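Remarks on the overall topology
Listed below, chain by chain, are the residues.
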Amino acid sequence: MNRDTRRTRVLLALLLITSIALITIDYRGGDSSPLDGVRSAAAAVFGPVERVAAAIASPVSDAVDSVGSLGDGRDEAARLKRQNQELKRRLRTGALDRHRAQELDDLLHLAGAGRYKIVPARVIAIGTAQTFSWTVTLDAGSRDGLRPDMTVLNGDGLVGRVKTVGPSTATVLLAVDPESSVGVRLESTMEVGFTTGHGAHHDLDLQLLDGQSTVERGDRLVTFGSQGDMPYVPGVPVGSVVSVTGTPGSQTRTAVVSPYVDFTSLDLVGIVVEPPRADPRDAVLPPRPVSPTPTPTPTVTVTVTPKPGG
Amino acid sequence: MPPARAVLAVVLLTVALALQVTLMSRLPLPGATPDLLLLVVVALALAHGPGFGLVCGFGAGLAVDLVPPADHEVGRWALVLTLVGYLAGMARDQTRRSAFVPLVVVAVAGAGSVLAYAGVGALMDDPNVTWGAVRSLLPTAVVYDVVLSAFVLPAVLAVARRAEADQAAFA
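We now turn to the structure provided with this report. Residue numbering note: each chain is counted from 1, following its sequence as written. Chains carry letters and ligands carry numbers; both start at the beginning, A for chains and 1 for ligands, and go up in the order they are written. Only residues with pLDDT of at least 70 are given local features in this predicted model, and only at 80 or more are side-chain atom pairs given and counted; all residues enter the totals for whole chains, interfaces and linings. Where side-chain values are given, they derive from all heavy atoms of the structure, hydrogens and water being excluded.

Moving on to the overall build of chain B. Scanning chain B from terminus to terminus reveals six helices and zero strands. Working definition: helices are DSSP H or I runs of at least four residues, strands are E runs of at least two. Numbering for both runs from the N terminus. The N-to-C order of helical and strand elements in chain B reads α-α-α-α-α-α. Residues counted as buried form 57% of the 171 residues belonging to chain B. By definition in these notes, contact holds between two residues if any of their heavy atoms fall within 4.5 Å. For chain B, the proportion of contacts with a sequence separation of at least 24, taken over those separated by at least 6, is 72%. For every residue, the accessible area obtained with a 1.4 Å probe (protein chains only) is divided by the maximum for its type, and the residue is called buried under 20%, exposed over 50%, and partly exposed between those limits.

Looking now at the overall build of chain A. A count of helical and extended segments in chain A gives four helices and twelve strands. Across the 310 residues in chain A, those meeting the buried criterion constitute 39%. Considering only intrachain contacts with a sequence separation of at least 6, the fraction spanning at least 24 residues in chain A is 60%. For the accessible areas, the method is Shrake-Rupley and the probe is 1.4 Å, while residue cover comes only from the protein chains on display. On chain A, roughly 17400 Å² of surface is accessible, and the fraction owed to carbon and sulfur atoms is 57%.

Moving on to the pairing of strand β8 (residues 204–208) of chain A. Residue and element names in this part refer to chain A. Covered by surrounding structure in β8 are Leu204, Leu206 and Leu208 only, the residues Asp205 and Gln207 on the alternate face being uncovered. One bridge is not enough; two strands pair if DSSP finds at least two bridges between them. Here strand β7 (residues 192–196) pairs with β8 via four bridges, running antiparallel. Following the sheet pairing, Gly193 is matched in β8 by Leu208. Here β8 runs beside strand β11 (residues 253–259); their pairing, made up of five bridges, is antiparallel.

With that settled, the discussion passes to the environment of Leu15 of chain A. Here Leu15 of chain A lies in helix α1 (residues 6–29). For Leu15 of chain A, the contacting residues outside a window of four places in its chain are Leu54, Val55, Phe58 and Thr82 of chain B.

Note on ring pairs: Phe, Tyr and Trp rings are taken, using the six-membered ring of Trp, and paired if centres are within 6.5 Å. Classes follow the plane angle, with under 30 degrees stacked, over 60 edge-to-face and the rest tilted. Applying the stated rule across the entire model yields two aromatic pairs over all chains. Ring centres 6.1 Å apart and planes at 0° place the aromatic pair Phe132 of chain A and Tyr117 of chain B in the stacked group. Within this pair, whereas Phe132 of chain A is found in the loop between β1 (117–126) and β2 (135–138), its partner Tyr117 of chain B is found in helix α5 (residues 100–123), the two belonging to separate chains. Taken as a pair, Phe132 of chain A and Tyr117 of chain B share a single burial class, namely buried. Centroid distance Trp77 of chain B to Tyr117 of chain B: 4.4 Å. Interplanar angle 20°. Geometry classified as stacked. With Trp77 of chain B in helix α4 (residues 76–90) and Tyr117 of chain B in helix α5, this residue pair connects regions lying 40 residues apart in the sequence. One exposure class covers both Trp77 of chain B and Tyr117 of chain B, and it is buried. These aromatic residues form a ring-pair network of at least three members: Phe132 of chain A together with Trp77 and Tyr117 of chain B. Ring-over charges, as used throughout, are those where CZ of Arg or NZ of Lys falls within 6 Å of the ring centre and within 35 degrees of the ring normal. Lying over the aromatic face of Phe52 of chain B, Arg5 of chain B brings its terminal NZ or CZ to 5.9 Å of the ring centre.

This paragraph deals with the sheet that holds strand β10 (residues 237–245) of chain A. Residues and elements named next belong to chain A. Around the barrel, which closes on itself, the six strands sit in the order β6-β7-β8-β11-β10-β9 with antiparallel pairing between neighbours. For this sheet, the mean inter-axis angle between neighbouring strands, taken without regard to orientation, is 40°. Judged from the five bridges that link them, strand β6 (residues 181–186) and β7 form a sheet pairing that is antiparallel. Directly across from Arg185, in β7, lies its bridge partner Val192. Axis definition: a line fitted to C-alpha atoms, limited for helices to the stretch in contact. Angles are taken between N-to-C directions and run from 0 to 180 degrees.

So, on to a negative patch on the surface. For patch building, the residue pool is restricted to those with more than 30% relative accessible area and no salt bridge; the joining distance is 9 Å between like charges and 5 Å between nonpolar side chains (Val, Leu, Ile, Met, Phe, Trp, Tyr). Take a side-chain nitrogen of Lys or Arg and a carboxyl oxygen of Asp or Glu: if they are within 4 Å of each other, that pair is a salt bridge. The convention is simple: Lys and Arg are positive, Asp and Glu are negative, and His and the chain ends are not counted. To locate a charge, the coordinates of NZ of Lys, CZ of Arg, CG of Asp or CD of Glu are taken. Together, Asp105, Asp106, Asp156 and Asp262 of chain A make up a region of like negative charge exposed at the surface. When you line up the elements, Asp156 of chain A lands in the loop between β3 (151–154) and β4 (157–165).

All names here are of chain B. Taken together, the side chains of Phe100, Leu103, Val104 and Val108 make up a nonpolar region of the molecular surface, amounting to roughly 390 Å² of accessible area. Mapped onto the elements of the fold, Phe100 is located in helix α5. Judged by relative accessible area, which is 61%, Phe100 ranks as exposed.

Once that is clear, we can look at the nonpolar core. Buried Ala, Val, Leu, Ile, Met, Phe, Trp, Tyr and Cys residues form a nonpolar core when they are joined through side-chain atoms within 4.5 Å. Ranked by size, the top nonpolar core spans 50 residues in total, and within it Phe132 of chain A together with Leu13, Leu37, Val42 and Leu44 of chain B carry the most contacts. Put simply, the parts of the chain that give this core at least two residues each are α2 (36–57) of chain A together with α1 (3–22), α2 (36–48), α3 (50–66), α4, α5 and α6 (131–170) of chain B. When residues in this core are grouped by element, the largest group, eleven residues, is from α2 of chain B. For Leu13 of chain B, the contacting residues outside a window of four places in its chain are Leu37, Val40, Val41, Leu44, Cys56 and Ala60 of chain B. Counting residues in each nonpolar core, the second largest holds 48 residues, with Tyr116, Ile126, Leu174 and Ala175 of chain A among its members.

Attention now goes to unusual backbone geometry. What you tend to see is this: most non-glycine residues have negative phi, and most peptide bonds are trans. With omega at 5°, the peptide bond leading from Met230 of chain A into Pro231 of chain A counts as cis. In the segment running from Pro68 of chain B into Pro69 of chain B, the intervening peptide bond is cis, with an omega of 5°. At Phe132 of chain A, a position not held by glycine, the phi torsion is positive, near 65°. The class for Phe132 of chain A is buried, based on a relative accessible area of 4%. A positive phi angle is found at Asp149 of chain A, which is not glycine, with a value near 70°. For Asp149 of chain A, the position within the fold is in the loop between β2 and β3.

It is worth spelling out the packing of α4 of chain B against α5 of chain B at this point. Residues and elements named next belong to chain B. The interhelical angle for the contact between α4 and α5, taken along N-to-C directions, is 150°, at an axis separation of 10 Å. One way to sum up the angle between α4 and α5 is to call them roughly antiparallel. Of the two elements, α4 crosses α5, and the hand of that crossing is right-handed. Here Arg76, Trp77, Leu79, Val80, Val84 and Ala88 of α4 come into contact with α5, specifically with Val105, Ala109, Ser113, Ala116, Tyr117, Val120 and Gly121. We call Asp, Glu, Lys and Arg charged. Ala, Val, Leu, Ile, Met, Phe, Trp, Tyr, Cys and Pro are nonpolar, and the rest, Gly among them, are polar. A class-by-class count of the residues in the contact of α4 with α5 yields ten nonpolar, two polar and one charged. For classification purposes, an angle smaller than 35 degrees is called roughly parallel, one larger than 145 roughly antiparallel, one from 65 to 115 roughly perpendicular, and anything else oblique. It is the rotation of the near helix from the far one that decides the hand of a crossing: anticlockwise by less than a right angle makes it left-handed, clockwise makes it right-handed.

Next up on the list: α2 of chain A. Bend, at a single residue, is the angle you get between axes fitted to the 7 residues ending at that residue and the 7 residues starting at it. Maximal helix bending in α2 of chain A amounts to about 40°, located at Phe46 of chain A; proline Pro48 of chain A follows within four positions. Those residues of α2 of chain A not exposed but buried are Arg39, Ala42, Ala43, Phe46, Gly47, Glu50, Ala53, Ala54 and Ala57 of chain A.

Dropping the structure here:
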C-alpha cells in the first residue's frame with residue numbers, strides 16, 4: 001500500500017468507478033433517489049455527532065480566551081488574574097444568553113403575528129462553501145414533528161425550507177440557494193413574482209410576472225404561499241426592494257431584493273409545523289418606520305411682567 | 001494495512017468532518033471555508049503513500065456526500081478526494097527533499113479540489129456552479145488551506161508516526 005504499485009492503481013480505478021456510478025445513480029434518481037435511504041441512515045448516525053460537536057465548538061472562542069488563565073495559581077496575582085478572567089468569561093456568556101433570548105423573543109413575536117405554529121431549533125452545522133450549495137443542519141428532526149418541505153423562518157423573516165429530515169436533525173435549503181425559488185407578493189398590492197438566490201453574500205433577484213407592474217425601491221415582499229402551504233406558508237416577510245432593473249412593458253419586471261434575514265449568522269430558527277388558518281397578509285411585516293414629519297415648532301412668547309414689589 | 005493506522009485514520013477523519021461542518025464553516029471568513037478534512041486526507045496520504053491516501057480520500061469524500069447538511073449528488077466529493085489522496089501520496093518521497101513540498105501539495109489540492117468539484121457539477125448542469133462562484137472561492141480556498149496546513153500537517157504527521165512507532169514496539 002505504500003508505493004504506487006499495480007495493486008494501488010487497480011484500487012484507484014475501482015474507487016473512481018464506484019464514485020462515478022454513485023453520482024450517476026443519485027443524479028438519475030432525482031427527488032426519489034435509491035440513495036436517499038443511505039443518506040437518512042447517515043443523518044441518523046452522524047446527526048448526534050454533529051450535535052455534540054456543535055455544543056463543544058460554539059463556545060470555543062471563549063475557551064481559547066480562557067486558556068491563558070490555566071496558570072499554576074500558586075501566587076496571589078495568578079489567582080486573581082484567573083478569577084478576573086472567569087468573571088469576564090461569565091460576563092461574555094451572559095451577553096450571549098441575552099442575545100439568544102432576544103432572538104427567541106423576535107421569533108415568537110413573528111410567529112404570533114402570523115399565527116404560525118412553530119418548533120424552535122438551532123443551526124448546528126453549515127455546509128462548506130466549496131460545495132456550492134447553501135444548506136444548514138438544525139438540531140430538530142422527525143422526532144420533533146419536522147417533515148420535508150416545511151417553511152423555516154426566524155425573527156427577521158424567511159430562512160428557507162426543510163429539504164431532508166433525520167431522526168434528530170434536519171437539513172434546510174436556504175432561500176439564498178440558487179435552487180430556491182420563492183413565490184412572493186408585494187406588500188399591499190397583489191403583484192406576484194418569485195425570488196431566486198445567489199448565495200449568502202448576495203441579494204435576491206425578484207421577477208414579477210406582470211410586465212406592467214409598478215415596483216419601487218423600498219417595496220416590501222412577503223411569501224405568496226405555496227399550494228397546500230408547502231414548502232412556503234403565506235405572509236412571511238422576505239425582504240425589501242433595493243433597486244429595480246428592466247424596463248416597464250417588457251415580459252417580466254426584475255428587481256434586486258435585500259433579504260431581511262442575515263444568512264451569514266443564522267442561529268435560532270423556527271420551523272412552521274402548522275400553517276395559519278387564514279393568510280396573514282401583511283400582518284407579519286414590521287410597522288413601517290415613521291418618517292420624521294416636520295413638526296411645527298411652537299413659538300413661546302414670554303411676557304415678562306414686573307413682579308410687584310420686586 | 002496495519003490496524004493501528006486504519007483506526008487512527010478513521011478517528012482523525014471523523015473528528016475533522018465534525019469540526020468542518022460545525023466550526024470551520026461558521027468562521028466569519030469571506031469566500032471559501034478552510035478545508036480541514038482535505039488537509040487531514042493530504043496529511044495521511046503524505047504519511048502513508050498513495051494507496052492509503054486514496055482509500056482515506058474515498059472514505060472522507062463519501063462521508064461528506066452523505067452526512068447533513070449535504071444536498072448534492074452522492075459520490076461527488078468521493079471522486080474528488082480519492083484523486084487528492086492518491087496524488088498527494090505520490091508526492092510522499094519528494095517531501096524528504098524540501099519542506100516546501102507539502103505546502104505546494106496543499107495549495108494544489110485546495111485549488112484542484114474546488115476546480116474538480118465544480119467541473120463535475122458543470123457536467124451535470126448544477127445551477128449553483130457558476131464561473132463567478134468558482135472565481136470567488138479559488139484564491140481564498142488556497143490561502144486558507146495553506147495557512148491552516150501549517151498547524152494541521154505537522155500535528156497529523158507526528159500522531160501518525162507515533163502510532164507507527166508504538167505498533168513497531170508491540171510487534
